[in-house]
Structures are given as C-alpha cells and as structure tokens.
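Spelled out, the chains give:
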2 protein chains.
Amino acid sequence: MANAVLKVEGMTCGHCVSAVEKAVGSAGASGKVDLASKKVTVQYDETKVTLEAVKAAIEDQGYDVV
Amino acid sequence: MANAVLKVEGMTCGHCVSAVEKAVGSAGASGKVDLASKKVTVQYDETKVTLEAVKAAIEDQGYDVV
C-alpha cells in the first residue's frame, strides 16, 4: 500500500468532503479529507491504482488538485 | 401561491444549494437559492404549507435561517 497527501482547492463544506472522499473511493483508493488544511490523505494499492487516476477522479468533481 | 425570500447562512457551494433546495421541496414548497446573496426564494401554497415548516426543513440540514 502507498500513501499520498494531496492538496485540494475548492472544498468548502461537509458535502465537499463527502464528494471528494467518494471520488477517491470510486478510483479504487481510500481517502480522508481534512477540510481546514485542504489536505486529502490517500491510501492506495499502487499495483492496482495510480495516483493520477485518483487525482483525475477528484478533479472530475470540480476540485483542483494543486 | 405565496412567495417569500429567506436569508440563509452557511451555504458555501453547489452541494449546499442542492441540499437547501431539496429541503424546501421536502417541505412541500419550491425553492431557488442564490448563493452569492445567500437568499432563498420560496414559492408555496399557503393553504398547504407553512413558511415555518420550510424554515425548519432548511435548519434541519444544518443551515441558519436568519
């Protein structure tokens, strides 16, 4: 398993937290958002999931991974 | 039909807009949110729905009707 911390802009509320965590999940990874720091901790199996796919899933929801 | 404009605090994003409009709908009324002005225009049949019930539905979602 690999871990990564992404900085994500545009999350403002609990709904955004849910949307981003769900997006990470849909990419086959597991994500935990800290809204205050705008950080998303992603845990993923690097043999099955790429971090690029996780980032793309988050961006598909309208947020910017910076 | 009656119209009312409510000022609602705590809405920050499109998810919040959806949550509030859905809450208004669940109370049997129809709502349109303007996020920038924090205003919710509510249309309702005053023989069937009270504005108090609409406000309560919005507050149940975690927003403040001021």
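Within an unreviewed UniProt entry, the label attached to chain A reads Copper chaperone, and the organism entered is Paenibacillus prosopidis.

### A few points about the overall build of chain A
Counting its secondary structure elements, chain A contains two helices and four strands. From first element to last, N terminus to C terminus, chain A shows the α and β order β-α-β-β-α-β. The C-alpha radius of gyration computed for chain A amounts to 10 Å, which stays within 12% of the reference 11 Å derived for 66 residues, consistent with globular compactness. Each of the three principal axes of chain A carries a C-alpha extent, and together these read 30 × 20 × 20 Å. Across the 66 residues of chain A, 38% fall into the buried class. Sequence separation of 24 or more characterises 63% of the internal contacts of chain A that already satisfy a separation of 6 or more. Split by element, the accessible area of chain A, about 3,700 Å² in all, is 48% carbon and sulfur. If you average the places of the 7 positive and of the 9 negative side-chain charges in chain A, the two averages end up 5 Å apart.

### Observations concerning the relation of the copies chain B and chain A
For the pair chain B and chain A, the superposition axis carries a translation of 0.0 Å, the fit reaches an RMSD of 0.0 Å, and the rotation angle comes to 179 degrees. Both copies of the chain, as the preceding transformation shows, are related through a two-fold rotation axis. Taken as a fraction of all interface residues of chain B, those also at the interface in chain A reach 100%, which identifies the copy contact as same-surface.

### Details of the interface of chain B and chain A
Contacts between the two partners involve six residues from chain B, matched on the other side by six residues from chain A. Between chain B and chain A lies a buried interface of about 410 Å² when both sides are counted; carbon and sulfur atoms form 65% of it. Interface area lost by chain B to chain A is led by T12, C13 and H15 of chain B, which between them contribute 79%. For the pair chain B and chain A, the number of links is zero salt bridges. Our count for the chain B to chain A interface comes out at one residue pair in polar contact (both at pLDDT 80 or more).

### Description of the nonpolar core
Judged by nonpolar contacts, the single largest core of 48 residues is most densely connected at V40, V54 and I58 of chain A together with V40, V54 and I58 of chain B. Those elements giving two or more residues to this core turn out to be strand 1 (2-9), helix 1 (14-26), strand 3 (39-44) and helix 2 (51-60) of chain A together with strand 1 (2-9), helix 1 (14-26), strand 3 (39-44) and helix 2 (51-60) of chain B. Every residue in contact with V40 of chain B, bar those within four places of it in the chain, is listed here: A4, V5, L6, V8, M11, V20, V24, K32 and V33 of chain B.

### Some remarks on the environment of V5 of chain B
All names here are of chain B. Note that V5 resides in strand 1. Residue classification places V5 among the exposed positions, given a relative accessible area of 53%. Distance from V5 to T41, taken between C-alpha atoms, is 4.5 Å for residues 36 residues apart in sequence.

What counts and how
The residue numbering used here restarts from 1 in each chain and proceeds along that chain's sequence as written. For naming, the first written chain is A and the first written ligand is 1, with later ones following in the order written. In keeping with the model being predicted, local features are shown solely for residues with a pLDDT of at least 70 and side-chain atom pairs are shown and tallied solely at 80 or more, while totals for entire chains, interfaces and linings include all residues. The basis for every side-chain value is the complete set of heavy atoms in the structure, and neither hydrogens nor water enter the calculation. Numbering of helices and strands runs from the N terminus, with a helix taken as a DSSP run of H or I at least four residues long and a strand as a DSSP run of E at least two residues long. As defined in this context, the radius of gyration uses C-alpha atoms, and a globule is described by 2.2 Å times the residue total to the power 0.38. Burial classification: accessible surface area is computed with a 1.4 Å probe over protein chains only, and a residue below 20% of its type maximum counts as buried, one above 50% as exposed, and the rest as partly exposed. Any two residues whose heavy atoms approach within 4.5 Å at even a single point are treated as in contact. Throughout, the Shrake-Rupley method with a 1.4 Å probe supplies accessible areas, and for residues the shown protein chains are the sole cover considered. Charge assignment in this entry is limited to Lys and Arg as positive and Asp and Glu as negative, and neither His nor the chain termini are counted. To locate a charge, take NZ of a lysine, CZ of an arginine, CG of an aspartate or CD of a glutamate. The fit set for superposing copies consists of C-alpha atoms from residues with pLDDT of at least 70 in both; the fit itself is least squares. A simple way to read buried area is as the amount of 1.4 Å-probe accessible surface that goes missing from two parts once joined, with both sides added. The rule for a salt bridge is simple: a side-chain nitrogen of Lys or Arg has to be within 4 Å of a carboxyl oxygen of Asp or Glu. Throughout this description, a polar contact denotes any pair of N or O atoms lying within 3.5 Å of each other; where both atoms belong to protein, one of them has to be capable of donating a hydrogen while the other can accept it, and for residues adjacent in sequence the pair is counted only when both atoms sit in side chains. To define a nonpolar core, start from buried Ala, Val, Leu, Ile, Met, Phe, Trp, Tyr and Cys residues and group those joined through side-chain atoms within 4.5 Å.

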